[in-house]
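Notes for the structure review
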Amino acid sequence: MRKFLSDFKMPLILITEIIVCLIFGDFIPLSIKSALYAVSLNLKEILLFVLPFVIFSFLLNSIGILKKGAFSFVALAFSMVVISNFTATVFGGFLGIFTLGSLGFIEKITLSQDVLSPLWSFDLPQLISNDAALFSGLVAGVVLSLTGHQKSQDVAQKLYNGSFFFLKRCFIPVLPIFILGFILKMQHDGLLTSVFKHYLPIAILIILVSVPYILTLFALALGFNKARWVQGLKNLVPGMLIGFTTMSSASTMPLVIDAVEKNTTEPFTPGVVPVSINTHLVGDCFSMSIQAIAILISFGYDLPSLPDFLLFAVFFVIARFAVAGVPGGGVLMTLPVFEKYLGFSGEMLSLITALYILFDPLITPVNVLGHGTFAQLFEKLYKKVLGRKSAVSKPPL
C-alpha cells in the first residue's frame, strides 16, 4: 500500500487540489488566492528562464553519448523515432481538429468578468530562445557523438546532471504549488468545473485511438502472424503493468528489453531500447496533441490551420528529445512549444500539465506497448534497409 501511494503521489496530490478547490474555493480569501496565483506565475517565469539551458544540456548529453561506431544503428533509430513521434502527433492533432469540435462533449468556456489577478508580478529576461536551444543542442549533440571527445562528453554529463538536479530537486517538489495557483484562478474565474467535466471522454478517446494504431503496427512488424502477435503482447504485459504503477517508461526498461529479446530474433535488436526509451513516446504524442486541441476548443480559441499544426508538430517532436525522466518531465519541456505555436495562455499551460500527470497512469502502458512495437519494426527495417543480419553479437550501446 505504501508503494502504491508513493507511485501515485503526484496524481493524488493534484486530484486532492482539484477537489479542495472545487468544494472550498469560494471560501478561500481573495488575497490568499491572488498570492498563490502570483507564486505560480513566478515559478513559471523561473522555469521559462532556465528551460533553454535545460533543453540544451539534455539534448547535448542524450545525443552526444551515442557511440560513433554504431552510427548506422543510431541514425536509423533516431530517424524512426522522429518519424514515429511526428506521425502520432499529427494523426492525433488532425483527429482532434476534424472531430472534437463536432462531437459535442467539449463546450466553450465563458470567462467570468471577475477574473483573479496576481498579487504581484515580475518578469525575467529571455537570454536565449527555446528554438535556439533546441537546434544548438541537437547540432552540438550530433557533433559530439561523431567526434567522441571524452572531455566534451564529461562536460555534457555535468551540464545534464545540473539540469536534472534543478528539475528533480528544485522544480518538481514545488510542482503542486505551481499547479495550485492556476487551479485556484480557474476556480475563481468559473472555469474549473466545466473544464474537468468534459475531459474523461478525452482520456477514453486517446486510448481508443492510440492502442489500435500501435497494435496494427505491431501486427505489421510481425507479418500479421496471429500466434506471434499474441505471444509478443503477452511478453510486453509485465512492462505495461509496471508502467501503469510507476508512470515512468525508464523504469520499465529491464522488462521491455526482456520482452524484446523474446519477441525478436537478432541479438542487436534490444540495443534500440535504451536509445529510444525516453524519446519514443507514441502514447504521449497522441495524448498531448489531442489534449491541446480539446483545450483550445474549451477556451474558445480558433483551431490551428493544418500548416500551423504541422509547424507545431515539428518543434514538439524536437522538444521530445529533451524530455527529463522525472514526473511531469514529458510536458515541462514542451510548454514553450504550446505557448509559441498554439498560443496557450498560462491557464492553458497549467491545465495541460495537470492533465498530463493525471492521465500518465493510462498513457505510460501505451508508451511501453509502443517501445515493443518500435523494436520489432526496427529489426525489420535494419535488416531490410541496411542489409544487415546479426551484425553484432550484443547491443551496440
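No experiment lies behind these values; they were computed from the predicted model shown.

A few words on the overall build of the chain. In terms of helices and strands, the chain carries 17 helices and zero strands. Per-residue burial for the chain yields a buried fraction of 52% across its 397 residues. In the chain, the share of contacts with a sequence separation of at least 24, taken over all contacts with a separation of at least 6, comes to 87%.

Glancing now at a nonpolar patch on the surface. Taken together, the side chains of Leu-12, Ile-15, Ile-19, Val-20, Leu-22, Ile-23, Phe-24 and Phe-27 present a nonpolar region at the surface, about 750 Å² in accessible area. Mapped onto the elements, Phe-24 comes out in helix H2 (residues 9–24). Looking at Phe-24, the relative accessible area reads 45%, which means it is partly exposed.

Between its first and last C-alpha atoms helix H6 (residues 150–171) spans 30 Å; for 22 residues at 1.5 Å apiece the expected length is 32 Å, and the two agree. The set of residues buried in H6 consists of Gln-153, Ala-156, Ser-163, Phe-166, Leu-167 and Phe-171.

As a further point, take the environment of Trp-229. Within the element layout of this structure, Trp-229 appears in helix H10 (residues 226–246). Taking the relative accessible area as the measure of exposure, Trp-229 reaches 26% and is therefore partly exposed. Once the C-alpha coordinates of Trp-229 and Asn-263 are considered, the two residues, 34 residues apart in sequence, prove to be 9.1 Å apart. Ignoring anything within four residues of it in the chain, the contact list for Trp-229 reads Leu-215, Phe-218, Ala-219 and Leu-222.

Attention now goes to helix H9 (residues 200–221). Taking 1.5 Å of rise per residue, the 22 residues of H9 would be expected to cover 32 Å, and the 32 Å separating its terminal C-alpha atoms lies within 8% of that figure. Turning to H9, its buried residues number three or more, namely Ile-202, Ala-203, Leu-205, Ile-206, Val-209, Ser-210, Tyr-213, Ile-214, Phe-218, Ala-219 and Ala-221. One or two residues past the end of H9 sits Gly-223, with phi positive at roughly 65°.

A few words now on the side chain of Gln-187. Within the element layout of this structure, Gln-187 appears in helix H7 (residues 175–188). Here Gln-187 is in contact with Cys-21, Gly-25, Asp-26, Lys-33 and Leu-192, once residues within four sequence places are set aside.

Take unusual backbone geometry next. Of note, Phe-224 is a non-glycine position whose phi angle comes to about 55°, a positive value. Here Phe-224 lies in the loop between H9 and H10.

This next bit is on the pattern of salt bridges. On inspection of all chains with the given rule, the structure shows two salt bridges. Among the ionic pairs, Arg-320 bridges to Asp-284, the shortest N-O distance being 2.9 Å. Of this pair, Arg-320 sits in the loop between helix H14 (306–319) and helix H15 (329–332) while Asp-284 sits in helix H13 (residues 282–298); the two residues are 36 residues apart in sequence, bridging distant segments of the chain. We note that Arg-320, like Asp-284, is buried.

The next thing to look at is the packing of aromatic side chains. Taken as a whole and assessed by the stated rule, the structure comprises 13 aromatic pairs. Ring centres of Phe-91 and Phe-286 lie 5.6 Å apart, and the angle between their planes is 70°; on these two criteria the pair is classed as edge-to-face. A residue pair is termed long-range when its members are at least 10 positions apart, and Phe-91 in helix H4 (residues 71–103) and Phe-286 in helix H13 qualify at 195 residues. By relative accessible area, which is 39% here, Phe-91 ends up partly exposed. Of the residues examined, Phe-286 reaches a relative accessible area of 0% and is grouped as buried. Ring geometry for Phe-309 against Phe-312: centres 5.3 Å apart, planes inclined by 50°, an arrangement best described as tilted. Placement of both Phe-309 and Phe-312 in helix H14 is noted, with a separation of three residues, approximately one turn of the helix.

A separate point is the environment of Phe-286. Each C-alpha atom of the pair Phe-286 and Phe-91 lies 7.4 Å from the other, and the pair is 195 residues apart in sequence. With sequence-adjacent residues up to four places away left out, Phe-286 is seen in contact with Ala-88, Phe-91, Gly-92, Val-209, Ser-210 and Tyr-213.

Basis of the calculations
Residues numbered from 1 in each chain as written. Predicted model: local features only at pLDDT ≥ 70, side-chain atom pairs only at ≥ 80, totals over all residues. Heavy atoms only, no water. Helix = DSSP H or I, 4+ residues; strand = E, 2+ residues; numbered from the N terminus. Buried < 20%, exposed > 50% of the residue type's maximum accessible area, 1.4 Å probe, protein only. Contact = heavy atoms within 4.5 Å. Patch = residues over 30% accessible without salt bridge, like charges linked within 9 Å, V, L, I, M, F, W, Y side chains within 5 Å. Areas by Shrake-Rupley, 256 points an atom, 1.4 Å probe, with all protein chains shown as cover. Salt bridge = Lys/Arg side-chain N within 4 Å of Asp/Glu carboxyl O. Expected span 1.5 Å × (residues − 1). Phe/Tyr/Trp six-rings, centres within 6.5 Å; stacked < 30°, edge-to-face > 60°.

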